[in-house]
Protein chains: 2
Amino acid sequence: MLFVDVAAVVKLVEQIGIETVLAEMAGYIEEDFRRWEDFEKSPRLASHSDHGVIELMPTSDGREFTFKYVNGHPGNTADGLQTVVGFGVLANVRTGYPEMIAEMTLTTALRTAATSAMAARHLARDDAETMAIIGLGAQSEFQAHAFRAVLGVRRLRVFDIDPAATRKFMANMRGRGFDIVAAASAAEAVLGADIVTTVTADRARNHILSDNMVGAGVHLNAVGGDCPGKTELQSDILRRGEVFVEFTPQTRIEGEIQQLEPDFPVTELWQVVSGQAPGRRGAGQITVFDSVGFAIEDFSALRYLRDRIAVVGGATRLDMLAAPADPRDLFGLVGAEPAVERALAS
Amino acid sequence: MLFVDVAAVVKLVEQIGIETVLAEMAGYIEEDFRRWEDFEKSPRLASHSDHGVIELMPTSDGREFTFKYVNGHPGNTADGLQTVVGFGVLANVRTGYPEMIAEMTLTTALRTAATSAMAARHLARDDAETMAIIGLGAQSEFQAHAFRAVLGVRRLRVFDIDPAATRKFMANMRGRGFDIVAAASAAEAVLGADIVTTVTADRARNHILSDNMVGAGVHLNAVGGDCPGKTELQSDILRRGEVFVEFTPQTRIEGEIQQLEPDFPVTELWQVVSGQAPGRRGAGQITVFDSVGFAIEDFSALRYLRDRIAVVGGATRLDMLAAPADPRDLFGLVGAEPAVERALAS
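Residues numbered from 1 in each chain as written. Chains lettered and ligands numbered in written order. Predicted model: local features only at pLDDT ≥ 70, side-chain atom pairs only at ≥ 80, totals over all residues. Heavy atoms only, no water.

Looking at an unreviewed UniProt entry, one finds chain A named Ornithine cyclodeaminase and attributed to Caulobacter endophyticus.

Here you go:
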């Protein structure tokens, strides 16, 4: 069983560059969105506690099965821990054997940004040059790089209510060729922006953007509202624009549209990617990608890691699967000295 | 994140002995069955294909969350692969961080046998001395050792339709202090047995045991019928005895009782273990443990591995969870040379 650890993902990014990784991963995600109907789509399996949630997100295209383990614990930051960590597994459907296990804390950050940028390629105006980013936490730099890699956006207007987050973002992005304005408010940040990314961390029903802040032709990339009780947009914005989602039943529970009536019309992004539904209908339209993250994006990311790391190296092997010489003689592994030596040496 | 690989489980068994492992693990399982109502019990999440099934089996007691990945691919043996392999994860509910990942091919064999023996301690006659085992595949030797470890049973009468399986079993069990008769048929094997364990591998509706083969006072440990379409017992046996199950909704789909009407009365084993229901009611009663395997047994097994391997050693550490110095600065891991070095060194 292959193991792609944190160091292997860091090494991949260092070797080929973060924007190459993001652009290539966006390609894998787009390819899987195009064949969306081939996938088995289950609701994520969630175990809730007072502290947070632990989720298993499985999917399969009939050839490969993947799942991601991921948590969400808003209080972790106070203890110096991350609110979200994860790992993923890719298995062979024909044999049922798991073939790869990979870190998915960094990889989830990469695939979330790659999905946003892929969606924006279908939904934002072709002449989009400037992106506002509201919320400068763990996801913000990944979003900036993904939008430059996929859409060529290099002008950023950014804001966070916490000046320390803004300082971290500005320091991380220094010397990377972006033209960045740190705004004094969200309202100032969105002025003149063609794309607005909201990616705040606060778990509450917030109005990061109010209706009067969003002008004609803007594409909203709403990433931060991703669980029940956590939204970022005033609901009027959703009604003025056309809303695109990943998997409707999940987004009605977790996304911005949880604020709206259960039959509020939405379009699934895969329909746009596969040419079955129009994306942006004109330069003046407001488009909203109400992103919550879906298992197929993790499937694509794991497929990408496997294929790419096979080329650049960095994976190791884990002694995870007992392999007796005779499959019916599992006991031989623990029962007799020679059998143990034989099996462990194989 | 701790990693308990195949070698670590083999080493544990070698260091303290397989029967100590089985008896101690049975103790952990019994402890968790006693507090059954503390657990979150979800149906297993199954992904079916023409080749087999891949399942995720999660549970939580509010302090720890575990899940097992396990497959079932009957055709694998023809390719020299095992029909069932697995691994498990134990996570901290307070932080959501996964703390241990462990092989669960060997460990599932151990926990299945330990659960059978624990059930039999409550359901078999106290004076049980002889066990028949029908089906001498991968699980058979584990069952034999578990019943000796937990109930003191050392006389075995065994049968398999495949002489090669019988030879493998007899060779593995040589010199281990059992008194073993290799019978010429299932009917001959069960003669005089106080406990009958059925653990055949064929995925079909079989009648390994017919009604006239099961005498008064016998405890049936029915392990092999564990998925839809796979049963081992003639249904009349189930009606003559009292049937004990792990988790009723799952057993009605996967166990021997899938042959019966959906309201056929059963008792959940945890009720017996916790003193809320009687087990065996008299020396002449037929008792049936219709075992299919449940997530709480894996929870107990993972808890046991963690605790025991902390003492005897053998676990390693995996670089699975990205750990930026500032939790909001995930990008620092890939974005800047000094940050990468700082984080990887920590």
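Novice: I'm lost on the overall build of chain A in this one. Help?
Specialist: Helix and strand content of chain A: twelve helices and 18 strands. Here the C-alpha coordinates of chain A stretch approximately 75 × 45 × 40 Å along the principal axes. For chain A, buried positions account for 64% of its 346 residues. For chain A, contacts bridging at least 24 residues in sequence account for 70% of all contacts bridging at least 6. Only carbon and sulfur atoms are counted for the fraction: they give 50% of the accessible area of chain A, which is about 12,100 Å². Looking at charge distribution, chain A has the averaged site of its 33 positive side-chain charges lying 4 Å from that of its 47 negative ones. (Helix = DSSP H or I, 4+ residues; strand = E, 2+ residues; numbered from the N terminus. Buried < 20%, exposed > 50% of the residue type's maximum accessible area, 1.4 Å probe, protein only. Contact = heavy atoms within 4.5 Å. Areas by Shrake-Rupley, 256 points an atom, 1.4 Å probe, with all protein chains shown as cover. Lys, Arg positive; Asp, Glu negative; His and termini not counted. Charge placed at Lys NZ, Arg CZ, Asp CG, Glu CD.)

Novice: What's the story with the confidence of the model for chain A in this structure? I'm lost.
Specialist: Interpreting fine coordinate detail is not advised for predicted regions of low pLDDT. Summarising the model, chain A shows a mean pLDDT of 93, and 97% of its residues fall at 70 or more. Scored below 50 in pLDDT, residues 337-346 of chain A shows eleven contacts in the model against residues more than four places distant or in partner chains. (pLDDT = per-residue confidence, 0-100.)

Novice: Got a minute to help me understand the sheet that holds strand β10 (residues 179-182) of chain B in this structure?
Specialist: The strands that make up a sheet pair up through hydrogen bonds in the backbone, lying either parallel or antiparallel. All names here are of chain B. Reading across the sheet, the eight strands line up as β10-β9-β8-β11-β13-β17-β15-β16 and stay open at both edges, with parallel pairing between neighbours. Looking at the sheet topology across the chains shown, the edges are occupied by β10 and β16 (267-268). Direction of pairing for strand β11 (residues 195-198) relative to strand β13 (residues 219-222): parallel, over a ladder of four bridges. By the bridge assignment for β13, T198 is matched with A222. Packed onto the sheet, helix α4 (residues 140-151) meets β8 (130-134), β9 (155-159), β11 and β13 and runs at close to 165° relative to β8. Taken strand by strand, helix α5 (residues 163-173) contacts β8, β9 and β10, and its axis lies near 165° from that of β10. (Pairing = 2+ DSSP bridges. Axes fitted to C-alpha atoms, helices over the stretch in contact; angles between N-to-C directions.)

Novice: Looking at this model, I keep getting lost on the relation of the copies chain A and chain B. Mind explaining?
Specialist: The second copy of the chain is related to the first by a rotation about an axis and a shift along the axis. For the pair chain A and chain B, the superposition axis carries a translation of 0.0 Å, the fit reaches an RMSD of 0.0 Å, and the rotation angle comes to 180°. Put plainly, the chains are arranged around a two-fold axis. Mapped onto chain B, 100% of the interface residues of chain A again fall at the interface, so both copies present the same surface. (Least-squares fit on C-alpha atoms with pLDDT ≥ 70 in both.)

Novice: Please explain the interface of chain A and chain B as it appears in this structure.
Specialist: When the parts of a complex come together, some accessible area is lost, and that lost area is often used as the size of the interface. The partner chain B presents 79 residues to the 79 residues of chain A that form the contact. Here chain A and chain B share an interface that buries about 6,800 Å² over both sides, 69% of which is from carbon and sulfur atoms. Sorting the residues of chain A by area buried against chain B places M320(A), R328(A) and F331(A) first, and these three jointly supply 11% of that buried surface. Note that R328(B) is salt-bridged to D162(A), the shortest N-O span being 2.8 Å. Across the contact surface, chain A and chain B share 28 residue pairs in polar contact (both at pLDDT 80 or more). Its residues assigned to classes, the side of chain A that touches chain B comprises 43 nonpolar, 22 polar and 14 charged. (Buried area = accessible area lost by both parts, 1.4 Å probe. Salt bridge = Lys/Arg side-chain N within 4 Å of Asp/Glu carboxyl O. Polar contact = N/O pair within 3.5 Å; in protein donor to acceptor, adjacent residues only side chain to side chain. Nonpolar A, V, L, I, M, F, W, Y, C, P; charged D, E, K, R; others polar.)

Novice: Would you take a moment to explain the domain arrangement of chain A for this structure?
Specialist: Residues and elements named next belong to chain A. By domain assignment, chain A separates into domain 1 (2-106 + 297-320) and domain 2 (124-293). Placing a centre on the C-alpha atoms of domain 1 and another on those of domain 2 gives a separation of 23 Å. With 16 residues of domain 1 at the contact, the number on the domain 2 side is 20 residues. In this assembly, domain 1 and domain 2 are joined by one salt bridge. Applying the counting criterion to the domain 1 and domain 2 interface returns two residue pairs in polar contact (both at pLDDT 80 or more). Here the element with the most residues in the side of domain 1 that touches domain 2 is helix α2 (residues 18-34); it accounts for eight residues. Residue composition of the side of domain 1 that touches domain 2, by class: nine nonpolar, no polar and seven charged. (Domains from an automatic or database assignment.)

Novice: What am I meant to see in the sheet that holds strand β10 (residues 179-182) of chain A here?
Specialist: Residues and elements named next belong to chain A. Reading across the sheet, the eight strands line up as β10-β9-β8-β11-β13-β17-β15-β16 and stay open at both edges, with parallel pairing between neighbours. Two strands close off the open sheet at either side, each with one partner strand: β10 and β16 (267-268). Of the pairings in the sheet, the one linking strand β8 (residues 130-134) to strand β9 (residues 155-159) comprises five bridges and is parallel in character. Note that in β9 the partner of T130 across the bridge is R155. Strands in contact with helix α4 (residues 140-151) are β8, β9, β11 (195-198) and β13 (219-222); relative to β8, the strand with the most contacts, it is inclined by about 165°.

Novice: In this structure, what is going on with the side chain of N221(B)? I would like to understand it.
Specialist: Residue and element names in this part refer to chain B. By the secondary structure assignment, N221 is in strand β13. What makes N221 buried here is its relative accessible area of 0%. Contact partners of N221, with chain neighbours within four places excluded, come to S116, Q143, F147, V196, T197, T198 and F289.

Novice: What is the right way to look at the packing of α4(A) against helix α5 (residues 163-173) of chain A in this model?
Specialist: How two helices pack is summed up by the angle between their axes together with the distance between the axes. Residue and element names in this part refer to chain A. Packing of α4 against α5 brings their axes to within 10 Å, and their N-to-C directions diverge by 40°. Taken together, the axes of α4 and α5 lie oblique to each other. For the pair α4 and α5, the sense of crossing is right-handed. Of the residues in α5, those touching α4 at S140, E141, A144 and H145 are K168, F169, N172 and M173. Looking at side-chain class alone, the contact of α4 with α5 contains three nonpolar, three polar and two charged residues. (Parallel < 35°, antiparallel > 145°, perpendicular 65-115°, else oblique. Left-handed = near helix turned anticlockwise from the far one by under 90°.)

Novice: Looking at this structure, I do not really get α4(B). What am I missing?
Specialist: Residues that lie three or four places apart on an α-helix share one face, since the helix turns once every 3.6 residues. Residue and element names in this part refer to chain B. For α4, with twelve residues, the first-to-last C-alpha span of 16 Å sits near the 16 Å given by 1.5 Å per residue. Of all twelve residues that make up α4, ten are buried, and the element is covered over most of its length. Within the sequence span of α4, burial applies to S140, E141, F142, Q143, A144, H145, A146, F147, R148 and V150. Looking at the residues trailing α4, positive phi occurs at G152, about 75°. (Expected span 1.5 Å × (residues − 1).)

Novice: Mind showing me how you'd approach the nonpolar core here?
Specialist: One broad trend across soluble globular proteins is that nonpolar side chains are buried collectively. Ranked by size, the top nonpolar core spans 75 residues in total, and within it L106(B), L110(B), I133(B), F142(B) and L156(B) carry the most contacts. Sorting elements by how many residues they give to this core places helix α3 (residues 106-123) of chain B first, with ten residues. Two domains each donate at least three residues to this core, and these are domain 1 (2-106 + 297-338) and domain 2 (125-293) of chain B. Filtering out sequence-adjacent residues up to four positions away, L106(B) remains in contact with A322(A), L330(A), L333(A), V334(A), V6(B), V9(B), V10(B) and F142(B). If you look at the next biggest cluster of nonpolar residues, it comprises 74 residues, including I18(A), A165(A), L269(A) and W270(A). (Core = buried A, V, L, I, M, F, W, Y, C linked by side-chain atoms within 4.5 Å.)

Novice: Even after reading the chapter, I still don't get α5(B), so can you show me in this structure?
Specialist: All of the buried residues in α5(B) are A165(B), T166(B), K168(B), F169(B), N172(B) and M173(B). All buried residues of α5(B) lie within an arc of 160° about the axis, which places them on one face of the element. Those residues of α5(B) hidden inside the fold are in contact with α11 (332-335) of chain A together with β8, α4, β9 and β10 of chain B. The opening residue of α5(B) is D162(B), an N-cap whose side-chain oxygen sits 2.9 Å from the backbone nitrogen of A164(B). (Arc of directions from axis to C-beta.)

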